[in-house]
Every structure is written in C-alpha cells, then in structure tokens.
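As a plain string of letters, each chain reads:
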Amino acid sequence: MSAAPESEPSDPKPALVFDDPLDQQSSDDTDRGWGERTDGGSAADLKRFLDEKPPHHL
C-alpha cells in the first residue's frame, strides 16, 4: 500500500511583501482623505462656511 500524495491547499498563503510602505500613496495623501468636498464654486464655499460656522459667530 502506498500513501496517497498530499494535495496542495486550494488557497495558498499570501506571500510576504517587503516593499517600502512609504512609496505607496495613503488615503490622507489625497483631498478625499482629509474630508475635502469636491463641490467647488463660490456658492458652495459660502454654503460650507454658513453650515460650519460656530454658534458664537451668529
């Protein structure tokens, strides 16, 4: 009797990656990462100012 050959796993483990993480762009390297709005225009800027104005500036 011979032993059955072992089959390889169907989901191999991910390989280790030794790239420099600082070479990759992070989410806060973009305007979207800092919460910037993409509306644009002076009317949108005024609306944002009025929406985000602190209560003591009324």
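Residues numbered from 1 in each chain as written. Predicted model: local features only at pLDDT ≥ 70, side-chain atom pairs only at ≥ 80, totals over all residues. Heavy atoms only, no water.

1. Some details on a nonpolar patch on the surface
Part 1 of the argument: Taken together, the side chains of L46, F49 and L50 make up a nonpolar region of the molecular surface, amounting to roughly 310 Å² of accessible area.
Part 2 of the argument: Summarising the element assignment, L46 is placed in helix α1 (residues 42-52). (Patch = residues over 30% accessible without salt bridge, like charges linked within 9 Å, V, L, I, M, F, W, Y side chains within 5 Å. Areas by Shrake-Rupley, 256 points an atom, 1.4 Å probe, with all protein chains shown as cover. Salt bridge = Lys/Arg side-chain N within 4 Å of Asp/Glu carboxyl O. Helix = DSSP H or I, 4+ residues; strand = E, 2+ residues; numbered from the N terminus.)

2. A short note on the pattern of salt bridges
Part 1 of the argument: Summed over the entire model, instances satisfying the criterion amount to two salt bridges.
Part 2 of the argument: One salt bridge in this structure joins K47 and D51, with 2.8 Å as the shortest N-O distance. Residue K47 and its partner D51 are located together in helix α1, separated by four residues, close to a single helical turn.
Part 3 of the argument: Note that R48 is salt-bridged to E52, the shortest N-O span being 3.4 Å. Placement of the pair is R48 and E52 together in helix α1, with a separation of four residues, close to one helical turn.

So far we have only geometry, and geometry alone does not tell us how the molecule works.
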